[in-house]
Amino acid sequence: MTEPVRLTRHADVIAAAQDPERFSSRTSHHLHVPNGMDGAEHRAFRDVVERQMTPELVASLEQMLQTTAREVVAALPRNEPIDAVADLGEVFAVRAQCRWLGWPDSLESELREWMAENYAAARAGDSSRNAAVAAWFDEIVTRQVTAHREATTPGGAADDATHRLLAERVHGRPLSDDEIVSILRNWTAGDLGSLARCVGVVVHRLAERPRWQQRVRTLAQQAPHATAELDAILGECLRLDDPFVANKRVTTCPVTTPSGVTLDADSPVLLDWTAANRDADVFSPGFDPEAHAEHNLVFGAGPHVCPGRDLSYAELRAITVALLAGTDGVDFAHDRTPTRHLPPLAGWATLPVILR
């Protein structure tokens, strides 16, 4: 198998992300809705996804996210070590996702077990193990889709994301079961671990920089009036320690990137968001949320930019506000060492901290 060419310069990554005709997202034989699609097909399914994440829908979720975040923070012990990734990030990610999708809270333990096995399979690089993990997750999703179908009454209101998705149509027809499962897999399988890693990145930055922790604590007390500044700070935390490493593309013709990288047709490519977000030609050294926000690529760029960006910020904002409003301080547990995820993952695998 040809090794993919990794694009690391900000200009190259932007150019590729914004050029789906020459950098195709059809990189797998498996169905990936809508991430593995191009052109009109991508647009049609992307519209379905975006209708589930409109600003109005995200706004309607704010209260649930805040309540969930406060529950999670309130249940954590004070003045003894906790793991900010597992005990805070994972618990909040799973519980908030279940409530958004209309899945039962009783599913939390199974989803966390799945997350642990998914991480282990990714580290092992064993294709059969990865396939088994994927099949397990598809079974979880299929089970929930079936339960929602059985609970749907004619003319009944769609009161959660899964019910709304079941009511969707594309090209004038209902979504197939495979398409529904693929969309839910994309939302959940990717987002659970991603949000937990985002929480770890943010908590690490705040524990490491007491001055910024105090600034965010002040903003948390002003919420929701300080949303824009708070989101800029959260985005800058993620830019500097990007938990979303790379996305795949394949060239459809010979291409030369803005920095001069020459690619043949059918070349596998990796858009390295992490490297691009640290490109010294674009970003100054240090932590500067306002100056760096415009060029931040944490949620991608182009037609495949993450449709759940607003929801992700709402989730991360909710748990950060709850953490800082509900504590007097967040410090490293100095007798315990944080550990990083190994490639292909990024961010913190464990982050021992003490809540005061």
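Residues numbered from 1 in each chain as written. Predicted model: local features only at pLDDT ≥ 70, side-chain atom pairs only at ≥ 80, totals over all residues. Heavy atoms only, no water.

1. Here's the deal with the sheet that holds strand β6 (residues 246–251)
- In spatial order, the strands read β1-β9-β6-β2; together these four strands make up an open sheet with mixed pairing. Looking at strand neighbours, the two that pair on one side only are β1 (5–7) and β2 (23–24), the edges of this open sheet.
- Pairing geometry for β1 and strand β9 (residues 268–272), over three bridges, is parallel. Bridge assignment links Leu-7 to a residue of β9, and that residue is Leu-271.
- Set on the sheet, helix α1 (residues 10–17) makes contact with β1, β2 and β9; between it and β9 the angle comes to about 120°. (Pairing = 2+ DSSP bridges. Helix = DSSP H or I, 4+ residues; strand = E, 2+ residues; numbered from the N terminus. Contact = heavy atoms within 4.5 Å. Axes fitted to C-alpha atoms, helices over the stretch in contact; angles between N-to-C directions.)

2. Describing the pattern of salt bridges
- Across all of its chains, the model carries 28 salt bridges by this definition.
- Note that Arg-26 and Glu-41 form a salt bridge whose closest N and O atoms lie 2.3 Å from each other. A residue pair is termed long-range when its members are at least 10 positions apart, and Arg-26 in the loop between β2 and α2 (39–51) and Glu-41 in helix α2 qualify at 15 residues. (Salt bridge = Lys/Arg side-chain N within 4 Å of Asp/Glu carboxyl O.)

3. Looking at helix α5 (residues 108–124)
- In this model α5 runs 24 Å from its N-terminal to its C-terminal C-alpha over 17 residues, within 8% of the 24 Å that 1.5 Å per residue would give.
- Directly beyond the C-terminal end of α5, a positive phi value near 65° is found at Gly-125. (Expected span 1.5 Å × (residues − 1).)

4. Considering the packing of aromatic side chains
- Under the criterion given, the structure shown has five aromatic pairs.
- Ring centres of Phe-244 and Phe-299 lie 5.9 Å apart, and the angle between their planes is 45°; this geometry places the pair in the tilted category. Highlighted residues: Phe-244 in the loop between α10 (227–240) and β6 and Phe-299 in the loop between α12 (289–292) and α13 (309–325), separated in sequence by 55 residues.
- Note on Phe-299: relative accessible area 11%, which makes it buried.
- These aromatic residues form a ring-pair network of at least three members: Phe-244, Phe-299 and Tyr-313.
- The ring of Phe-283 is capped by Arg-239, whose NZ or CZ atom sits 4.5 Å from the centre of that ring. (Phe/Tyr/Trp six-rings, centres within 6.5 Å; stacked < 30°, edge-to-face > 60°. Buried < 20%, exposed > 50% of the residue type's maximum accessible area, 1.4 Å probe, protein only. Lys NZ or Arg CZ within 6 Å of the ring centre and 35° of its normal.)

5. Re the sheet that holds strand β3 (residues 81–83)
- Read across the open sheet, the three strands follow the order β3-β13-β10; overall the sheet is antiparallel. At either margin of the open sheet sits one strand with a lone partner, and together these are β3 and β10 (330–332). Pairs of neighbouring strands in the sheet enclose a mean axial angle of 45°, with direction left out of account.
- Judged from the three bridges that link them, β10 and strand β13 (residues 352–355) form a sheet pairing that is antiparallel. Its bridge partner being in β13, Asp-331 is matched across the sheet by Ile-354.
- With respect to the sheet, helix α4 (residues 84–101) is in contact with β3 and β13, its orientation differing from that of β3 by roughly 55°.

Geometric descriptors of this kind do not, in isolation, establish any biological role.
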